[in-house]
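Results of the structural survey
One letter stands for each residue in the lines below.
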Amino acid sequence: GIHTQSQTTHMVSYRESIANKIATCEDEVEKAALQHKMGIILCNMDRPQHAKPWFEEAFVTRQRVLGSAHADTMESMHELGMVYNQLGDFKNAEALLNKNLEQYEMVLGPQARETLQCERSLAALYSREGKFQQSEKHLHHCIKTQRATYGTDDLETIESELALAEVLGCERKYSEAELIYTECLVKQERLLGEGHADTTRTRIKIGTAEFLHYQRDHRVEQPSSSGSADTRSFDEICQNPVDENDANNVESSKTPEEVRRKPRSRSPVVRCKKALKRLLHL
């Protein structure tokens, strides 16, 4: 994540304080808790490679002293699995998160928030590996359980729905992704407010999905106004959007009745760019 200078200074100071406590701590359980905390700090500083050994030490100690079914042990296993995922160690990440999910289901039950969070982490891992069907399966199960247990307006339910939309986008199922993003945006605007960072991020994702959908259907299969296919990346197009008239050429294929029913709006590129600017200035 992006941190301000003061936030970075605070985290460095806090990390040094925890390091000093670890060096002088003699109690194994307390030391493991401090090592786990150090791992969290380093992850927040975007240093998963440095967080890994701290989580590993905390996990080994907690498993030996507290047992594998203890809440603290399961928490360390979950964090370690996510770090392995970040570092691209998918084999170890899969093994840990699958075992972690089994333990959470056995100890806390399938409806516990910790269990569902772990399943969402496993779905994220599968998505990163390109195993989208397995990711979808876990996310659909999460969403079904969360809606039934915590309700459709629960923020973690919305988080799972957004994760599903992202997986669908990776599979180029843009229409399905847009629908879920839009439903989530309506709830976020009501629950968090239109100016909230999470709301704005969802607005950006809608614009991205709309643009990729449009590009797939109209710009990849058809030549651009220059006579060649538009092969620029999404970031490049955001910096130098396509011509507004060219981007809206799709409207000209609509019948007068369709145009009256749905007024022309800004192109997906422009909407996404405006939402991005708004996020950066929050």
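Higher on the page you've got the structure.
Since the model is a prediction, treat every value here as computed from it, not as a measurement.

Check the secondary structure of the chain and you find 14 helices and 0 strands. Mapped in sequence order, the helices and strands of the chain form the string α-α-α-α-α-α-α-α-α-α-α-α-α-α. When burial is assessed residue by residue, the chain has 39% of its 282 residues classed as buried. A separation of at least 24 residues holds for 53% of the contacts in the chain among residues at least 6 apart in sequence. When the accessible area of the chain is evaluated, it comes to approximately 15,900 Å², of which 50% is carbon and sulfur surface.

This paragraph deals with the packing of aromatic side chains. Counted by the stated rule, this structure contains 0 aromatic pairs. Just above the ring of Tyr 150 sits the side chain of Arg 113; from NZ or CZ to the centre is 3.9 Å.

Turning next to helix α1 (residues 5-24). For α1, spanning 20 residues, the distance from its first C-alpha to its last is 29 Å, which sits close to the expected 28 Å at 1.5 Å a residue. Among the residues of α1, Met 11, Ile 18 and Ile 22 are the ones counted as buried. Buried residues of α1, seen end-on, are gathered within an arc of 45° and therefore sit on one face of the element. Pointing more than 90 degrees away from the buried face of α1 are the exposed residues Gln 5, Ser 6, His 10, Asn 20, Ala 23 and Thr 24.

It is worth spelling out the pattern of salt bridges at this point. Within the structure shown, the criterion is met by 14 salt bridges. Measuring nitrogen to oxygen at the nearest pair gives 3.2 Å for the salt bridge that ties Glu 136 to Lys 173. Here Glu 136 is found in helix α7 (residues 132-149), whereas its partner Lys 173 is found in the loop between α8 (155-170) and α9 (174-191), with 37 residues between them in sequence. Between Arg 147 and Glu 161 there is a salt bridge whose closest N-O contact spans 2.8 Å. With Arg 147 in helix α7 and Glu 161 in helix α8, this pair connects stretches of sequence that are 14 residues apart. Classification of Arg 147 by relative accessible area gives partly exposed; the value is 41%. Beyond isolated ion pairs, a larger network of salt bridges with shared partners links Glu 94, Glu 129 and Lys 131.

Backbone phi values are negative for most residues with the exception of glycine, while trans is the configuration of most peptide bonds. Even without a glycine there, the phi angle at Asp 46 is positive, about 60°. With a relative accessible area of 42%, Asp 46 lands in the partly exposed category. In this model, Arg 172 sits at a positive phi of 65°, which is unusual for a non-glycine residue. Note on placement: Arg 172 falls in the loop between α8 and α9. With a relative accessible area of 56%, Arg 172 lands in the exposed category.

Here is what the cut-offs are and how they apply
- Residues numbered from 1 in each chain as written.
- Predicted model: local features only at pLDDT ≥ 70, side-chain atom pairs only at ≥ 80, totals over all residues.
- Heavy atoms only, no water.
- Helix = DSSP H or I, 4+ residues; strand = E, 2+ residues; numbered from the N terminus.
- Buried < 20%, exposed > 50% of the residue type's maximum accessible area, 1.4 Å probe, protein only.
- Contact = heavy atoms within 4.5 Å.
- Areas by Shrake-Rupley, 256 points an atom, 1.4 Å probe, with all protein chains shown as cover.
- Phe/Tyr/Trp six-rings, centres within 6.5 Å; stacked < 30°, edge-to-face > 60°.
- Lys NZ or Arg CZ within 6 Å of the ring centre and 35° of its normal.
- Expected span 1.5 Å × (residues − 1).
- Arc of directions from axis to C-beta.
- Salt bridge = Lys/Arg side-chain N within 4 Å of Asp/Glu carboxyl O.

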